[in-house]
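As a plain string of letters, each chain reads:
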Amino acid sequence: MADIRVGIVGVGNCCSALLQGLGFYKDREADIPGLITRNFAGYYAADIRIVSAFDIDRRKIGKDVNTAIFEKPNCTKIFKADLPVSGCRVQQGYRLDGLAAHVSNYPVEDRPDPADEIDTDRTAAAERIVAALRAAKTEILVNYLPVGSEEATRFYAECALQAGCAFVNAIPVFVSQFWGDRFKAAGLPILGDDIKSQVGATIVNRLLARLMEERGQTISRVYQVNFGGNTDFLNMLDRGRLESKKISKTGSVTSQMAGGFSENDIHVGPSDYIPWMKDNKVCYIRIEGEQFGGVPMNMEVRLSVEDSPNSAGVIVDAIRAAKVALDRKIAGPVFEASAWLFKTPVKQVNDDEARRLLLEFARG
């Protein structure tokens, strides 16, 4: 099969885990655990090639992307350090709202160090980035911007449309929800929104809630709180950037539950930033309900994961699904893959159905 030519927006921890993973899974024949699907319609993780990359941090701009992923403030676990030179240099991105104002109050080793803007205006930035995507023959653009980057995400989605790239939206900005028709009209696939980790807080919460209801128990209250020490948690200290994230995570959980909830009965979202935790994420889930005879019960779960590798295996499937959609000339939201891989697809279905749709799509 041909290489899958991918562009990355945001060379942070998630990008680092992804690129390390591409090296870790470079042997197509090896049956190494950790991927949802090893063979996706004839494509393997090793077929993914990063050909363009964009970031605003001066420590990463100009470096080979396989070197840039190990620069500060990236702090995810290094499990594949010996990566070859990729030939893809990180180019300067366009900031817009991609960086929360409060992060400048923190030590530079823990937060982005933005380079001075090089574009005179948004139009000039778009022209430069579209030209770079085309020059690299980028087929698929992956959006790894920080949570709350509403304007910047739309900017890069527009660049993808102009450059003729499929778009994989890993963050909770609802591009596939509201721009799906634009991608369909352009003949381009879009996957999203908001990547769902392999075994993360949201999928565990969904499955536990569904289990209780399938076993005849009524759910009355739910909370899910998360905290960690990576730049995403630092960025989310600005609560104004969390609206889409809370909508995405809450909707993903409640979509599996039959009962309705008032705002006071469910809370899903990040809680705090603890720098020494680095890319480790801890989640606490509590579900309260009633069992036989209306007798109260509750369940509490603590989950600890390395945040970025937990999503990297899912994005590997999303990239290959986007390539398959390009091959099959499927345009607009790719629901068959997004339902299993993302928190907020264009339509929610239960997880058994979502997994069936993904595997059928992968088999063709």
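Preceding this paragraph is the structure being described.
Residues numbered from 1 in each chain as written. Predicted model: local features only at pLDDT ≥ 70, side-chain atom pairs only at ≥ 80, totals over all residues. Heavy atoms only, no water.

1. Structural notes on the overall build of the chain
The test is simple: Under the DSSP-based scheme used, a helix requires at least four consecutive residues in state H or I and a strand at least two consecutive residues in state E, with every element numbered from the N terminus. Two things to know: the radius of gyration comes from C-alpha atoms, and the globule rule equals 2.2 Å times the number of residues to the power 0.38. Partly exposed describes any residue whose relative accessible area lies between the buried limit of under 20% and the exposed limit of over 50%, with all areas from a 1.4 Å probe on protein chains only and scaled to the type maximum. The contact rule is simple, with two residues in contact once any of their heavy atoms fall within 4.5 Å. Using a 1.4 Å probe, the Shrake-Rupley method yields the accessible areas, and only the shown protein chains count as cover for residues. Asp and Glu are treated as the negative residues and Lys and Arg as the positive ones, with His and the ends of the chain left uncounted. For charged residues, the charge sits on one atom: NZ in Lys, CZ in Arg, CG in Asp, CD in Glu.
Across its full length, the chain carries 11 helices and 11 strands. Over its C-alpha trace the chain gives a radius of gyration of 20 Å, about what one expects of a compact globule, namely 21 Å for 364 residues. If one aligns the C-alpha atoms of the chain with their principal axes, the spans along those axes are about 65 × 50 × 40 Å. Relative to its full complement of 364 residues, the chain shows a buried share of 57%. Look at the contacts in the chain between residues 6 or more apart in sequence, and 77% of them connect residues 24 or more apart. Of the roughly 15,300 Å² that the chain leaves accessible, carbon and sulfur atoms contribute 50%. One way to put it: in the chain the 45 positive side-chain charges average out to a point 3 Å from where the 47 negative ones average out.

2. Details of the sheet that holds strand 11 (residues 332-333)
Here is the rule we go by: Two strands are counted as paired when DSSP detects at least two bridges linking them.
Read from one edge of the open sheet, seven strands run 3-2-1-4-5-6-11, paired in parallel fashion. Strand pairing shows two members of the sheet lacking a second neighbour, strand 3 (90-92) and strand 11, which therefore form its edges. Bridge count for strand 5 (residues 166-169) against strand 6 (residues 189-191) is two bridges, and the pairing is parallel. In the sheet register, F167 faces strand 6, and the bridge partner there is I190.

3. Considerations on the pattern of salt bridges
Rule in force here: The term salt bridge refers to a pairing of a side-chain nitrogen on Lys or Arg with a carboxyl oxygen on Asp or Glu at a separation within 4 Å.
Using the criterion set out here, one finds 24 salt bridges in the structure. As a salt-bridge pair, D265 and R221 come within 4.0 Å of each other at their nearest N and O atoms. Of the two residues, D265 is situated in the loop between helix 8 (243-254) and strand 8 (266-273) and R221 in strand 7 (residues 218-228); the sequence distance between them amounts to 44 residues. A salt bridge links E353 to R356; the nearest nitrogen and oxygen atoms lie 2.5 Å apart.

4. Thoughts on the environment of V65
Structurally, the position occupied by V65 is in helix 2 (residues 65-68). A C-alpha to C-alpha distance of 7.1 Å links V65 and A53, two positions 12 residues apart in sequence. Other than its neighbours up to four places away in sequence, V65 contacts V11, L19, I50, A53, S86, C88 and V90.

5. A look at helix 3 (residues 122-135)
Put simply, the rule reads: Residue count minus one, scaled by 1.5 Å, sets the expected span of a helix. Throughout, the arc means the angular range of directions from the helix axis out to the C-beta atoms.
In this model, helix 3 (14 residues) spans 20 Å end to end at C-alpha, consistent with the 20 Å of a helix rising 1.5 Å per residue. Three or more residues of helix 3 are buried, namely A125, A126, I129, V130, A132 and L133. Projected down its long axis, helix 3 carries its buried residues within an arc of 160°, all on one side. With respect to the buried face of helix 3, the exposed residues turned more than 90 degrees away are T123, E127, R134 and A135. Residues of helix 3 that are buried sit in contact with strand 2 (48-55), strand 3, strand 4 (140-143) and helix 4 (150-163). Positive phi appears at K137, one or two residues downstream of helix 3, with a value of about 55°.

6. Regarding the layout of surface pockets
How we decide: Only protein atoms enter the 1 Å grid used here, on which a cavity is any set of points holding a 1.4 Å probe that cannot leave and a pocket is any open set flanked by protein within 12 Å on both sides along at least five of seven lines; residues with an atom within 4 Å of a point are listed as lining. Grid points are joined across faces, edges and corners, and a volume is the space filled by probe spheres set on the points. Just so you know the grouping, Ala, Val, Leu, Ile, Met, Phe, Trp, Tyr, Cys and Pro go in nonpolar, Asp, Glu, Lys and Arg go in charged, and all remaining residues, Gly too, go in polar.
The computed volume of the largest pocket comes to approximately 360 Å³. Lining the largest pocket are 16 residues, with L22, I48, N66, P84 and S86 positioned closest to its centre. Elements with a minimum of two residues in the lining of the largest pocket: helix 1 (13-24) and strand 2. Across the lining of the largest pocket, the residue classes break down as eight nonpolar, three polar and five charged. Estimated volume of the second largest pocket: approximately 180 Å³. Around the second largest pocket sit 15 residues that line it, and G21, Y25, P309, A312 and G313 are the ones nearest its centre. When contributions to the lining of the second largest pocket are tallied by element, the ones reaching two or more residues are helix 1 and helix 9 (307-327).

7. Structural notes on the state of the cysteines
We count it as follows: Cysteine sulfur atoms that come within 2.5 Å of each other are treated as a disulfide pair.
As enumerated under the stated definition, the model contains zero disulfides in all. For the unlinked cysteine C14, the closest cysteine sulfur is that of C15, found at 8.8 Å. Using a relative accessible area of 27% as the deciding quantity, one classes C14 as partly exposed. Unpaired in this structure, C159 has its nearest cysteine sulfur neighbour in C165, at a distance of 9.3 Å.

8. Regarding the packing of helix 3 against helix 4
So the rule is basically this: Helix axes are fitted to C-alpha atoms over the stretch in contact, other axes to C-alpha atoms as well, and angles between N-to-C directions run from 0 to 180 degrees. Our angle categories are set so that under 35 degrees counts as roughly parallel, over 145 as roughly antiparallel, 65 to 115 as roughly perpendicular, and the remainder as oblique. Two helices that cross are described as forming a left-handed crossing if the nearer one is turned anticlockwise from the farther one by less than a right angle, and a right-handed crossing if clockwise.
Packing of helix 3 against helix 4 leaves a shortest axis separation of 9 Å and a crossing angle of 50°. When the interaxial angle is binned, helix 3 and helix 4 end up oblique. Judged by the sense of rotation from one axis to the other, the crossing of helix 3 with helix 4 is right-handed. In contact with R122, A125, A126, I129, V130, L133 and R134 of helix 3, helix 4 contributes E151, F155, Y156, C159, Q162 and A163. Of the residues that constitute the contact of helix 3 with helix 4, the class distribution is nine nonpolar, one polar and three charged.

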